[in-house]
Amino acid sequence: YLLGIDYMPMRKEFWDVELKRKTNEIKNILLTFGGQDVNGLTYNILNTLINRYPHLNYHIIKGSLNNNSRNEKKYSSNVKFYFSLSAKEILELMLDTDIAITACGQTTYELARVGVPSIGIATADNQKYNLEGWYNVGFFKEEIWYNDNYTNNVLGLFSEYLTTNIEKISYCDGQGSRRIVKFLLNKFITEDGFYFRKATKNDSELIFNLSNDKLVRNNSINTEEILVDTHIKWFDEKLKDENYIILLAKDKNDIFIGQVKFELHNDNAIISISICKNYRGKGFAKKMLEKSCGYIFENYNNINEINAYIRPENISSKKSFEGVGFIYDCKEKIREDIFYLYKFKRK
C-alpha cells in the first residue's frame, strides 16, 4: 500500500505551486466545508467571526449555486461567496488566503500544499485520520470535532493566529501522483522496456488490427483474413475461457507492442506471439517470450511444457524461440501445411 502524505494524489493544479511564504498582515479568511455542509458550520462560524472581526475579508467556498439555502446578499461587501470553482480558481484563492477554516476532507491536503495556516474541524467519522494526522505533523494546532464546542475552539485558535507572526509552510509537496506513477513504472516495467497485462474487452480492436496484419496472417496456422464479426465472437469466447490466456505487452507510454497467447491443456500449453510493425526487429520477441513463459510456469503448476508451431520459412521466429530455450522436436502437418514443433520444458 502506498499511504500517507507522500502518496496523496492531488489535482494537477497543485503539483507545481509557487508559494507565498510570508503574511505581513492578516486580511483574507477562507471558510470551506464542502458543497453540502450538512452540519451548518459555515454560517455559525462566519457570523461569529464577523461579530468579533468585522474588518477582515471573508471568502466562502460553497458547492453549486443550487445549494444556496440562505440569502448571501445580507452580508456586507467584505464577505464573498464562491460557487462551483475550478481547481485553478481554488488554488488562486488559497494563495491569497491568510487563515483557513476547513472540514477535514480532501481540501486539507490542498491547503497543506499551499501552506495556509488552517483550523480543521472534523465533520464526519471518515475524517478522523486526516484530523489526527495533520495534528501530529503540526499543520493543525488542535483536534476539533463539529459536535464538541467547536465555536469556542475555533475562536481561540483564530485569536492565536491573529497575534502570531505567520509564515506559510508547505506540509505536502503535491508530488503524490507522480510518485505513484513512478512506483508503478518501476514495478511493472523492467529493463526490458515493457510490461504485461491480461487482455480486456476494451482491447478487442487492438488485437483485431494486429491479428489482421499481413505478416501476422502469413505466419499463422490460419492465413485467411479475419472478419470483424468472427473476431468479436472469438474474442468474447476467449476472454471467458479460463484455459486461454491473452497477454498484451505495453511500453512505459502505454503503447501496444504486441501480444502473446496461450492455449492451456492438461499439462502443456500452446503459445503464439505477434509483434506490432513498429516494434519488430528490436528484440522484443525474445524478451516477451521469456517473460510470458515464466508467467505461465509460475502461475500454472500443472503446465510442464509449452509448445510452439512455427512455419519453416519463419527464420526470425525460430531464432527468438530458440534463444529462450525452445527445442525443435518434429515436423507436423496442419491444414495441409508443414510446421516445426518446438518445445520448452519446465526447468
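In case you missed it, the structure is sitting above this.
In what follows, the accompanying structure is described. Counting from 1, residues in each chain are numbered in the order their sequence is written. The predicted origin of the model limits local features to residues at a pLDDT of at least 70 and limits the giving and counting of side-chain atom pairs to 80 or more, whereas totals for whole chains, interfaces and linings rest on all residues. Processing note: side-chain calculations cover all non-hydrogen atoms of the structure and skip hydrogens and water entirely.

1. Some details on the pattern of salt bridges
Then, in step 1: Take a side-chain nitrogen of Lys or Arg and a carboxyl oxygen of Asp or Glu: if they are within 4 Å of each other, that pair is a salt bridge. Throughout the structure, instances matching the rule amount to 10 salt bridges.
Then, in step 2: A salt bridge links Arg178 to Asp16; the shortest N-O distance between them is 3.0 Å. Of this pair, Arg178 sits in helix H6 (residues 176-188) while Asp16 is found in the segment before strand S1 (28-32), placing the two residues 162 residues apart along the sequence.
Then, in step 3: Judged by relative accessible area, Arg178 falls into the partly exposed class, the value being 36%.
Then, in step 4: The exposed category is assigned to Asp16, whose relative accessible area is 57%.
Then, in step 5: Two residues, Asp213 and Arg280, come together in a salt bridge whose shortest N-O distance is 2.8 Å. You can see Asp213 sitting in the loop between helix H7 (204-211) and helix H8 (214-219) and its partner Arg280 sitting in the loop between strand S10 (268-275) and helix H10 (284-299), a full 67 residues away along the chain. Where helices and strands are cited, they refer to DSSP runs of H or I of at least four residues and of E of at least two residues respectively, numbered from the N terminus. Partly exposed describes any residue whose relative accessible area lies between the buried limit of under 20% and the exposed limit of over 50%, with all areas from a 1.4 Å probe on protein chains only and scaled to the type maximum.

2. A word on unusual backbone geometry
Then, in step 1: We note that Asn149 has phi near 50°; this positive angle belongs to a residue other than glycine.
Then, in step 2: With respect to the element layout, Asn149 can be found in the loop between strand S6 (144-145) and helix H5 (150-162).
Then, in step 3: Judged by relative accessible area, which is 48%, Asn149 ranks as partly exposed.
Then, in step 4: The phi dihedral of Glu336 falls on the positive side, at around 70°, and the residue is not glycine.
Then, in step 5: Considering the arrangement of structural elements, one finds Glu336 in the loop between strand S12 (327-334) and strand S13 (337-345).

3. Some thoughts on the sheet that holds S13
Then, in step 1: On the basis of which strands lie adjacent, the open sheet formed by 7 strands has the order S7-S8-S9-S10-S11-S13-S12 and mixed pairing. Because the sheet does not close on itself, it has two edges, and the strands there are strand S7 (195-198) and S12. Ignoring which end each strand starts from, the neighbouring axes of this sheet average 30° apart.
Then, in step 2: Pairing of S7 with strand S8 (residues 244-250), which is carried by 4 bridges, proceeds in the antiparallel orientation. Following the sheet pairing, Lys198 is matched in S8 by Leu247.
Then, in step 3: Whether two residues are in contact is decided by their heavy atoms: any pair within 4.5 Å suffices. Only the stretch in contact is used when a helix axis is fitted, and all axes are lines through C-alpha atoms; the angle between N-to-C directions ranges over 0 to 180 degrees. Across the sheet, helix H9 (residues 228-240) touches S8 and strand S9 (256-264), and the angle it forms with S8 is around 105°. Whether two strands pair depends on DSSP finding at least two bridges between them.

4. Some words on the packing of H7 against H9
Then, in step 1: At their nearest, the axes of H7 and H9 sit 11 Å apart, and the two run at 125° to each other. Comparing their axes, H9 and H7 come out oblique. Seen from above, H7 lies across H9 with right-handed handedness. For the pair formed by H7 and H9, the contact residues are Ser204, Ile207 and Phe208 on the first element and Val228, His231 and Phe235 on the second.
Then, in step 2: Residues are sorted three ways: Asp, Glu, Lys and Arg are charged, Ala, Val, Leu, Ile, Met, Phe, Trp, Tyr, Cys and Pro are nonpolar, and all the rest, Gly among them, are polar. For the contact of H7 with H9, a count of residues per class yields 4 nonpolar, 2 polar and no charged. Orientation categories follow fixed angle ranges, with anything under 35 degrees roughly parallel, anything over 145 roughly antiparallel, 65 to 115 roughly perpendicular, and all other angles oblique. Crossing handedness follows the turn of the near helix against the far one: under a right angle anticlockwise gives a left-handed crossing, and clockwise gives a right-handed one.

5. Things to note about the pairing of strand S11 (residues 305-310)
Then, in step 1: Counting buried positions over the 6 residues of S11 gives 5, a clear majority of the element.
Then, in step 2: Relative to S11, S10 is paired through 4 bridges, and the arrangement is parallel. Within S11, the position partnered with Ile271 by the bridge is Ala308.
Then, in step 3: Assignment of crossover handedness uses the view with strands pointing away from the viewer, where a clockwise path from the first strand over the helix to the second indicates a right-handed crossover. The parallel pair S10 and S11 is bridged by H10, and the resulting crossover is right-handed.
Then, in step 4: Of the pairings in the sheet, the one linking S11 to S13 comprises 6 bridges and is antiparallel in character. Bridge pairing in S13 places Ala308 opposite Tyr342.

6. Section: the pairing of strand S4 (residues 99-103)
Then, in step 1: Of all 5 residues that make up S4, 5 are buried, and the element is covered over most of its length.
Then, in step 2: By the alternation rule, side chains of S4 split into Ile99, Ile101 and Ala103 and Ala100 and Thr102, which are all buried.
Then, in step 3: Sheet topology note: the S4/strand S5 (residues 118-122) ladder contains 4 bridges and is parallel. Opposite Ala103, over in S5, you have Ile121 as the bridge partner.
Then, in step 4: Of the crossover connections in this fold, the one passing from S4 over helix H3 (residues 107-114) to the parallel S5 is right-handed.

7. Thoughts on the packing of aromatic side chains
Then, in step 1: The aromatic pairing rule takes the rings of Phe, Tyr and Trp, using the six-membered ring of Trp, and pairs them if the centres are within 6.5 Å, calling planes under 30 degrees apart stacked, those over 60 edge-to-face and the rest tilted. Within this structure, the stated rule accounts for 18 aromatic pairs.
Then, in step 2: Look at Trp234 and Tyr244: their rings are 5.9 Å apart centre to centre, the planes differ by 90°, and that puts the pair in the edge-to-face class. On the criterion of sequence distance, the pair formed by Trp234 in helix H9 and Tyr244 in strand S8 is long-range, its members being 10 residues apart.
Then, in step 3: Residue classification places Trp234 among the partly exposed residues on the basis of a relative accessible area of 24%.
Then, in step 4: Summarising the aromatic geometry, the rings of Tyr328 and Tyr340 are spaced 5.3 Å apart at their centres and angled 75° between planes, so their arrangement reads as edge-to-face. Highlighted residues: Tyr328 in strand S12 and Tyr340 in strand S13, separated in sequence by 12 residues.
Then, in step 5: Residue classification places Tyr328 among the partly exposed residues on the basis of a relative accessible area of 39%.
Then, in step 6: Taking the relative accessible area as the measure of exposure, Tyr340 reaches 18% and is therefore buried.
Then, in step 7: Among the aromatic residues, ring-to-ring pairing joins Tyr109, Trp134, Phe139, Phe140 and Tyr171 into one connected group.
Then, in step 8: In this scheme, Lys NZ or Arg CZ marks a charge over a ring once it lies within 6 Å of the ring centre and within 35 degrees of the ring normal. Here Lys282 stacks its cationic end above the ring of Tyr279, 5.6 Å away from the centre of that ring.
Then, in step 9: Here the basic side chain of Lys291 rests over the ring of Phe194, its NZ or CZ set 4.8 Å away from the ring centre.

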